[in-house]
Protein chains: 2
Amino acid sequence: MVVFNEKASNGCTKSSSPSTNISKTINLDQGDPTVFEPYWRKTGDKCTMVISASDSMSSFSDDAGNLCWFLEPKLGDSIRNLHREIGNAKSNGRHIVVGTGSTQLYQAALYALSSSPDRTHPINVVSAAPYYSQYPEETEYLRSGLYKWAGDAYTFDKEEDGNSNYIEVVNSPSNPDGSIKEAVVKRTGGKLIHDLAYYWPQYTPITRPADHDIMLFTFSKCTGHAGSRIGWALVKDTKVAKKMIKFIELNSIGVSKESQLRAAMILGTLSDNSYRKFNSNKQDNFFEYSQCLLSERWTKLREVVNRNQLFSLPDYPLEYCNFTRKLTQSHPAFAWLQCKEEDVDCEKLMIKAHKMVVRGGVRFGAEKKYVRVSMLSSEGVFNLFLQRLSEIKGNFN
Amino acid sequence: MVVFNEKASNGCTKSSSPSTNISKTINLDQGDPTVFEPYWRKTGDKCTMVISASDSMSSFSDDAGNLCWFLEPKLGDSIRNLHREIGNAKSNGRHIVVGTGSTQLYQAALYALSSSPDRTHPINVVSAAPYYSQYPEETEYLRSGLYKWAGDAYTFDKEEDGNSNYIEVVNSPSNPDGSIKEAVVKRTGGKLIHDLAYYWPQYTPITRPADHDIMLFTFSKCTGHAGSRIGWALVKDTKVAKKMIKFIELNSIGVSKESQLRAAMILGTLSDNSYRKFNSNKQDNFFEYSQCLLSERWTKLREVVNRNQLFSLPDYPLEYCNFTRKLTQSHPAFAWLQCKEEDVDCEKLMIKAHKMVVRGGVRFGAEKKYVRVSMLSSEGVFNLFLQRLSEIKGNFN
């Protein structure tokens, strides 16, 4: 049995026994970021939230002056401080709209950009392939008369129905392939949603503060707290922000106060403990810890991929990260694996022959030879993944 | 100045100074149930939640066997125990689907009852007027091709478009008017959603355990924790439950874990401390406390209404409550006030002349002489409401 969890050169994780559960099906499909749990376990009481039965009972926030009437002021402060510290987005002068995860905010943004009394046709929604696999279904499931999914931005017929309006979702770094993306349609009448869920230092070098009309972020991918369902949008235009708030009002009358308060506290500790103290103690700083951990995982994965010669992975350029002040590569949350052999259904291969649930390329608007594999699973699952991948032999079909 | 907050005969609230802020506009529009906050303040540490940074990070629940993959098992247990103790709904053999408030679950139910590949027309959604003012907008805002708002169930044209399918929302006790409702269309092909947000002992006698296909409840109206955004549906049919879960997956990838855990704890204390111990200590038992408090408020309101003779209120029958084992009347969460004079826009009258923001009858599919007034405001606001109502003189126009 190959042991993949020996200490890496930079040593941010401890060695542990290799898993022996070789017959179990492992799930690498979702992006549930359980990889960061050990870090938070070590923080002890510092980030423990205590909430009494009479706290935060109202659905209104205490900040009557805020456009987003359900946003907890402490969460707004933590978000602005964090973006300032990390340098990944301009937050000054933007409205913050909190949502039940960035999934709800994506739909709030579609609503805000499409709802108007004189709309007669649904507006086209596009994203450059490979796009996030949930965009099509999240856009289509209610068969809205306001917007409809129109597929890959690269092949979008701009003049369809004589209607030049469209919404382009720019997901950068990209889920699934980790690449840095920009808008591709670039036409008058186009409106943009920037989904920046993975624009954090552990995944990619922070090269500039993002500065777009609507930028979506999520607590889940920043710190790993997926269970809290907290996302936020930074929105330039007041009218757009108001419509997004209206959507969340109609969709769920606001956002969990408990989750907002917990996110405020946890995100607050990240900016207390980041930039200036970077490198002071590798185990203390969340971004140092998580960057190191993902870098190790990617090193191990590339070793396996290079050894068996059956797959390929994207290459990422070395870039200067303004946050870490180092030249670094991307270490995305997902591996976008390509089977080198022709005509292979890579998803089927993974599940049938090797008991690994992954997401096939077709769902991302790409070919079936691609699969998306989570790099954020627990250590045991990740090690089983490496082990099984290394055991795959050629002649797939 | 009239003082309305003297101790009532059954004495469940303490006397406090009358508010002197007579020029302030007061908001009686929303149903934010801040009235219950003093009770929860007195519970001290018993219902305090402590959650460490590494708790509940995953969006999945620990109960892999549950259809609703994001439901916290503890919350499911608390919900079933509570319904068993209160006797207000059959929960055994039903699926529990948790939602971001019952607002999200209402939309999940519409989706579940309408989505099918062969649907060519949106299904009609009706509710008997006066209906909850948010149903039309929550049904219409995305211009779904699956469902559309078709108004008052009493005037619903059943054969419109040759399509006899419909969804009827039965809201009982009714928001706004507190009455007990049943389905009115009663046709083959009809599907029902029972919104039972107010079917709790503080609002209405519990006469039988409700037993319908889809029943919606909310933490907000049960205990006053509106900020948590927790609702639940009891669902008989597995296929319908699966589709509701799918909706919540697409809409927000589950529901806040922090809120679920807090609701589990607080609802848990309600069933530990209810039926059998009822009447043991009025201040300790939440339903005793809240029933007494609303009963007092209704007594005071009826006194004012009887005195000035300008308004009327619905009458509610005395019924035997299986939970309290007493004959009681309803004490709804809203007062459905009717101006006796003809052609009065009661909402305008309230806001313009008396600085009270209330919700006008037209939004509920009723006449403008009606307004809905929250009975769940804080004590200070409620006293100002009584004071201002008592000062209204005749000759409105």
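Within any chain, residue numbers begin from 1 and follow the written order of that chain's sequence. Chains and ligands are labelled by the order in which they are written, letters from A for the one and numbers from 1 for the other. Confidence filtering applies because this is a predicted model: local features only for residues at pLDDT of at least 70, side-chain atom pairs given and counted only at 80 or more, and all residues used for totals across whole chains, interfaces and linings. To get the side-chain values, all heavy atoms of the structure are used, and hydrogens and water are removed first.

Peer 1: What exactly am I supposed to notice about the overall build of chain A here?
Peer 2: When you go through chain A residue by residue, the secondary structure sums to 10 helices and 16 strands. For chain A, the proportion of its 397 residues judged to be buried stands at 61%. What makes two residues a contact is simply this: any of their non-hydrogen atoms within 4.5 Å. Summarising the internal contacts of chain A: among those between residues at least 6 apart in sequence, 73% fall at separations of at least 24. For chain A, the accessible surface area stands at approximately 15,400 Å², while carbon and sulfur atoms represent 48% of it. A run of H or I in DSSP becomes a helix once it reaches four residues, and a run of E becomes a strand once it reaches two; helices and strands are each numbered from the N terminus. Type-normalised accessible area, obtained with a 1.4 Å probe on protein chains alone, sets the label of each residue: buried when under 20%, exposed when over 50%, and partly exposed for intermediate values. Surface exposure here means Shrake-Rupley accessible area, sampled with a 1.4 Å probe, where a residue is shielded only by the protein chains that are shown.

Peer 1: Would you explain the packing of aromatic side chains in this entry?
Peer 2: A ring pair, where both rings are aromatic, is described by two values, the distance of the centres and the angle of the planes. Note on aromatic pairs: the rings of Phe, Tyr and Trp (six-membered ring only in Trp) are paired at centre separations within 6.5 Å, and the planes decide the class, stacked below 30 degrees, edge-to-face beyond 60, tilted for the rest. Throughout the structure, instances matching the rule amount to 52 aromatic pairs over all chains. Considering the side-chain rings of Phe-247 of chain A and Tyr-141 of chain B, the 5.6 Å spacing of their centres and the 50° angle between planes classify their relative orientation as tilted. Of this pair, Phe-247 of chain A sits in helix α6 (residues 238-252) while Tyr-141 of chain B sits in the loop between α4 (134-140) and β5 (147-152), each in a different chain. We classify Tyr-141 of chain B as buried; its relative accessible area is 8%.

Peer 1: Just to check I follow, could you spell out the sheet that holds strand β13 (residues 334-339) of chain B for this structure?
Peer 2: The pairing of strands in a sheet happens through backbone hydrogen bonds and is either parallel or antiparallel. Residues and elements named next belong to chain B. Two strands pair under a simple rule: DSSP has to find at least two bridges between them. With antiparallel pairing, the 4 strands of this open sheet are ordered in space as β10-β13-β16-β15. The open sheet has two edge strands with one neighbour each: β10 (311-312) and β15 (359-360). As judged from the 2 bridges shared by β15 and strand β16 (residues 370-374), these two strands associate in the antiparallel manner. Bridging from a neighbouring strand, Arg-359 pairs with Arg-372 of β16. Orientation is described by axes fitted as lines to C-alpha atoms, over the contacting stretch for helices, and by angles from 0 to 180 degrees between their N-to-C directions. Across the sheet, helix α8 (residues 286-308) touches β10 and β13, and the angle it forms with β13 is around 5°. Packing of helix α9 (residues 346-354) onto the sheet brings it into contact with β10, β13, β15 and β16, and relative to β16 it is tilted by some 55°.

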